[in-house]
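One letter stands for each residue in the lines below.
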Amino acid sequence: QVQLVESGGGLVQPGGSLRLSCAASGSIFTINTMGWYRQAPGKERELVTTITSSGSTNYEDSVKGRFTISRDNAKNTVLLEMNSLKPEDTAVYYCYADYFVVRGVYHRYWGQGTQVTVSS
């Protein structure tokens, strides 16, 4: 059974840094895209960043230059390095992984979520 386990959330002051990790396990299939969403109170879940199996990345405009996504394909792990954090970054962060099934077909699995709070 596929599991995505997140860690690394916490409370930081504005300008601080956090590193989130998400480790996927339990599938015979390989992973295509991995990434992170976040959801703040009263707001819709939004896509923060994605990374393909070959390392191509995309970032939401508000985090460009501050966040960096990376992955270790051998370990099926995706990381999110968050620097220069702002109060607006406060949210529950959810990782995901899209597994190949057959060509053009994939299954998306989600992490349990980890709270990031940026406050003085």
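These numbers were taken from a predicted model, which means no experiment stands behind them.

### Considering the nonpolar core
Formed by 27 residues in total, the largest nonpolar core has its most connected members in Trp36, Phe67, Val78, Leu80, Met82 and Tyr93. Listed by contribution, the elements that provide at least two residues to this core are β3 (18-25), β4 (31-39), β5 (46-51), β7 (67-72), β8 (77-82), β9 (91-102) and β11 (114-118). Among the elements that make up this core, the one with the highest residue count is β9 (five residues).

### With respect to the pattern of salt bridges
Evaluation of the coordinates by the stated rule reveals six salt bridges. The residue Lys64 makes a salt bridge to Asp61 at a minimum N-O spacing of 3.0 Å. Its relative accessible area of 58% is what places Asp61 among the exposed residues. Here the salt bridges share partners, and the residues they tie into one network are Arg38, Glu46, Arg66 and Asp89.

### Notes on the packing of aromatic side chains
Inspection of the entire model under this criterion finds four aromatic pairs. An aromatic cluster is present here, built from Tyr37, Tyr96 and Trp110 joined pairwise through their rings. The ring of Trp110 has Arg45 sitting right over it, with the charged end atom 5.1 Å from the ring centre. The lysine or arginine in question, Arg108, covers the ring of Tyr96, its NZ or CZ lying 4.0 Å from the ring centre.

### Considerations on the environment of Gly42
Looking at the secondary structure, you find Gly42 in the loop between β4 and β5. Here the alpha-carbon distance between Gly42 and Leu79, two residues 37 residues apart in the chain, equals 26 Å.

### Some remarks on the side chain of Glu6
Looking at the secondary structure, you find Glu6 in strand β1 (residues 3-7). Of the side chains with opposite charge, Arg45 comes closest to the buried, unpaired Glu6, at an N-O distance of 7.9 Å. There is a polar contact of 3.1 Å between the side chain of Glu6 and the backbone nitrogen of Gly113. Engagement of the side chain of Glu6 in a polar contact is seen with the backbone nitrogen of Thr114, the distance being 3.4 Å. Discounting chain neighbours no more than four positions away, the residues touching Glu6 are Ser21, Cys22, Trp36, Tyr93, Tyr94, Cys95, Gly111, Gln112, Gly113 and Thr114.

### Quick word on the environment of Thr52
Among the structural elements, Thr52 can be located in the loop between β5 and β6 (57-59). Thr52 gets classed as partly exposed once you look at its relative accessible area, which sits at 22%. Sequence separation between Thr52 and Met34 is 18 residues; the distance between their C-alpha atoms is 6.4 Å. Filtering out sequence-adjacent residues up to four positions away, Thr52 remains in contact with Asn32, Thr33 and Arg71. At 3.1 Å, the side chain of Thr52 and the side chain of Ser54 are in polar contact.

### Notes on the side chain of Arg38
Structurally, Arg38 is set in strand β4. A residue is classified by how much of its surface remains accessible, and Arg38, at 6% relative accessible area, is buried. Here the side chain of Arg38 touches Asp89 through a polar contact of 3.0 Å, side chain to side chain. In this structure the side chain of Arg38 is engaged in a polar contact, spanning 2.9 Å, whose partner is the side chain of Tyr93.

Criteria and cut-off values
- Residues numbered from 1 in each chain as written.
- Predicted model: local features only at pLDDT ≥ 70, side-chain atom pairs only at ≥ 80, totals over all residues.
- Heavy atoms only, no water.
- Core = buried A, V, L, I, M, F, W, Y, C linked by side-chain atoms within 4.5 Å.
- Buried < 20%, exposed > 50% of the residue type's maximum accessible area, 1.4 Å probe, protein only.
- Helix = DSSP H or I, 4+ residues; strand = E, 2+ residues; numbered from the N terminus.
- Salt bridge = Lys/Arg side-chain N within 4 Å of Asp/Glu carboxyl O.
- Phe/Tyr/Trp six-rings, centres within 6.5 Å; stacked < 30°, edge-to-face > 60°.
- Lys NZ or Arg CZ within 6 Å of the ring centre and 35° of its normal.
- Lys, Arg positive; Asp, Glu negative; His and termini not counted.
- Polar contact = N/O pair within 3.5 Å; in protein donor to acceptor, adjacent residues only side chain to side chain.
- Contact = heavy atoms within 4.5 Å.

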